[in-house]
Amino acid sequence: MSSSPEPNEPKKGTILARNKEGTTEASAILWRFLCDDKPYKNLSKYITKDAVLAEPDRKVYSNKSEPSLQEYLEDGYEPWTAYKIHDEPDFVEIDLMSSALTYRVTTWKLKGGQMIATEGMCSSVFRQNAGGDWKCCLHHMAKIE
């Protein structure tokens, strides 16, 4: 019996498979820093200069917003305590150096000694720079009510 890839799963060793792996790893790094007390310090290495962050409260932050994305992450951002991505994210290769993920997520924040859960759908878009690193240029989380 041959071991063929799952439906919609890129063939191992292809550029498509490497792009999916790189984007998935970049998403995990993004979430690790969204759970950090000082996200901008570390996150700035993993987001593009023109990145856009659309939060579950329907506010959108960028280098053109007031406050800017950098100001928000430095002073106004309240980090998540934990997160869980459900199932395998849906992956779309936009071109050879950009791709997107869409997935369901549960996030938690510690408030008043209790873990408060937020259910959401996320879409994230990543671009690969000349050095091969994947950086997030758009991250959008919408609450599922």
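Refer to the preceding data block for the structure.
Turning our attention to the overall build of the chain. Scanning the chain from terminus to terminus reveals 3 helices and 6 strands. Starting at the N terminus and ending at the C terminus, the chain contains elements arranged as α-α-β-β-α-β-β-β-β. Over its C-alpha atoms the chain spans a radius of gyration of 16 Å, differing by no more than 12% from the 15 Å that the globule rule assigns to 145 residues. For the C-alpha atoms alone, the extent of the chain along its principal axes is close to 55 × 35 × 20 Å. In the chain, buried positions account for 37% of the 145 residues. Taking the intrachain contacts of the chain between residues at least 6 apart in sequence as the baseline, contacts between residues at least 24 apart amount to 51%.

Of note, the bond from Glu66 into Pro67 is cis; its omega dihedral lies within 30 degrees of zero at 0°. Note on placement: Pro67 falls in the loop between strand 2 (60–61) and helix 3 (69–76). The phi dihedral of Asp87 falls on the positive side, at around 60°, and the residue is not glycine. Looking at where Asp87 falls in the secondary structure, it is placed in strand 3 (residues 82–95).

What follows deals with the pattern of salt bridges. Inspection of every chain in the model, using the stated rule, returns 4 salt bridges. For Glu78, the salt bridge goes to Lys111, with nearest N and O atoms at 3.9 Å. Residue Glu78 is found in the loop between helix 3 and strand 3, and its partner Lys111 is found in strand 4 (residues 98–111); the two are separated by 33 residues along the sequence. The partner of Glu119 in a salt bridge is Arg104, and the shortest N-O contact between them spans 3.3 Å. Note that Glu119 is positioned in strand 5 (residues 114–128) and Arg104 in strand 4, a separation of 15 residues in sequence. On the basis of relative accessibility, which here comes to 29%, the residue Glu119 falls in the partly exposed class. Its relative accessible area of 36% is what places Arg104 among the partly exposed residues.

So, about the packing of aromatic side chains. Inspection of the entire model under this criterion finds 4 aromatic pairs. Relative to Tyr83, the ring of Trp31 has its centre 5.1 Å away and its plane inclined at 25°; by these criteria the two rings are stacked. Placement of Trp31 in helix 1 (residues 15–34) and of Tyr83 in strand 3 is noted, with a sequence separation of 52 residues between them. When its relative accessible area of 0% is taken as the criterion, Trp31 is described as buried. A relative accessible area of 29% means that Tyr83 is categorised as partly exposed. Between the aromatic rings of Phe33 and Tyr46, the centroid separation amounts to 5.6 Å while the plane-to-plane angle is 20°, which identifies the pairing as stacked.

Before going further, it helps to examine the sheet that holds strand 2. In a beta sheet, neighbouring strands pair by backbone hydrogen bonds and run either parallel or antiparallel. Spatial ordering of the open sheet is given by 2-1-6-5-4-3, a layout of 6 strands whose pairing is mixed. Strands at the two margins of the open sheet, each flanked by one partner only, are strand 2 and strand 3. In the packing of helix 1 onto the sheet, the strands contacted are strand 1 (47–54), strand 3, strand 4, strand 5 and strand 6 (134–143), and the crossing angle to strand 3 comes to about 140°. The strands that helix 3 touches are strand 1 and strand 2; relative to strand 1, the one it contacts most, it runs at about 65°.

Rules behind the numbers
Residues numbered from 1 in each chain as written. Predicted model: local features only at pLDDT ≥ 70, side-chain atom pairs only at ≥ 80, totals over all residues. Heavy atoms only, no water. Helix = DSSP H or I, 4+ residues; strand = E, 2+ residues; numbered from the N terminus. Rg over C-alpha atoms; globule rule 2.2 N^0.38 Å. Buried < 20%, exposed > 50% of the residue type's maximum accessible area, 1.4 Å probe, protein only. Contact = heavy atoms within 4.5 Å. Salt bridge = Lys/Arg side-chain N within 4 Å of Asp/Glu carboxyl O. Phe/Tyr/Trp six-rings, centres within 6.5 Å; stacked < 30°, edge-to-face > 60°. Pairing = 2+ DSSP bridges. Axes fitted to C-alpha atoms, helices over the stretch in contact; angles between N-to-C directions.

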